[in-house]
Amino acid sequence: GGMISGNTFDATGISGANGADSWIDVKGNYYRVENNNGFNPGGSIFKDGYQVHVAVSGWGNYNEFRANTGEVNAPGYGFNIQLSGSNGTSAGNKVFNNNNLTGAANGMANIPLSN
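Everything numeric here is computed off the predicted structure, so don't read it as measured data. (Residues numbered from 1 in each chain as written. Predicted model: local features only at pLDDT ≥ 70, side-chain atom pairs only at ≥ 80, totals over all residues. Heavy atoms only, no water.)

**Description of the overall build of the protein chain**
No. 1: Helix and strand content of the protein chain: zero helices and 14 strands.
No. 2: Computed over C-alpha atoms, the radius of gyration of the protein chain comes to 13 Å, within 12% of the 13 Å expected from 2.2 N^0.38 for 115 residues, which places it in the range of a compact globule.
No. 3: Within the protein chain, the proportion of its 115 residues that are buried is 39%.
No. 4: Long-range contacts, defined here as pairs at least 24 residues apart, represent 80% of the contacts in the protein chain between residues at least 6 apart.
No. 5: Side chains of the protein chain give 5 positive and 7 negative charges; the mean places of these two sets differ by 9 Å. (Helix = DSSP H or I, 4+ residues; strand = E, 2+ residues; numbered from the N terminus. Rg over C-alpha atoms; globule rule 2.2 N^0.38 Å. Buried < 20%, exposed > 50% of the residue type's maximum accessible area, 1.4 Å probe, protein only. Contact = heavy atoms within 4.5 Å. Lys, Arg positive; Asp, Glu negative; His and termini not counted. Charge placed at Lys NZ, Arg CZ, Asp CG, Glu CD.)

Next up, the structure:
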């Protein structure tokens, strides 16, 4: 577990197939990501503002996203939570309705928002 809070993510110039598709890609458990601001999504690879992935079975669970802001301006979601994949299924992740991300073509999140 941990906290990622109060940061500004400027994606200007980021590149690489596995490192430039979101501002943050959480792969751990019990992280709280809050009060961050993202802007300047980089190039054609950028897809989502924030992501959660199950990199190893049992990980990518119970993370919370609160009061984040930013301009995604990309084809994906503001918050894209991997629901299942070859390494397992995520559980307990929450995206709260006090996040304010704009320009995500698929919407705020691929899971229901929490109050």
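**Focus: the side chain of Asp 21**
No. 1: One can find Asp 21 in the loop between strand S2 (8-10) and strand S3 (24-26).
No. 2: The charged side chain of Asp 21 is buried without a salt bridge, its nearest counter-charge being Lys 47 at 4.2 Å.
No. 3: Within polar-contact distance, the side chain of Asp 21 engages the side chain of Gln 51 at 3.5 Å.
No. 4: Aside from chain neighbours lying at most four places away, what touches Asp 21 is Ile 45, Phe 46, Lys 47, Asp 48 and Gln 51. (Salt bridge = Lys/Arg side-chain N within 4 Å of Asp/Glu carboxyl O. Polar contact = N/O pair within 3.5 Å; in protein donor to acceptor, adjacent residues only side chain to side chain.)

**Details of the pattern of salt bridges**
Opposite charge on two side chains lets them pair, provided their charged atoms get close.
No. 1: For the coordinates displayed, the defined rule picks out three salt bridges.
No. 2: With a shortest N-O distance of 2.8 Å, Arg 66 and Glu 64 are connected by a salt bridge.
No. 3: With relative accessibility at 22%, the residue Arg 66 sits in the partly exposed group.

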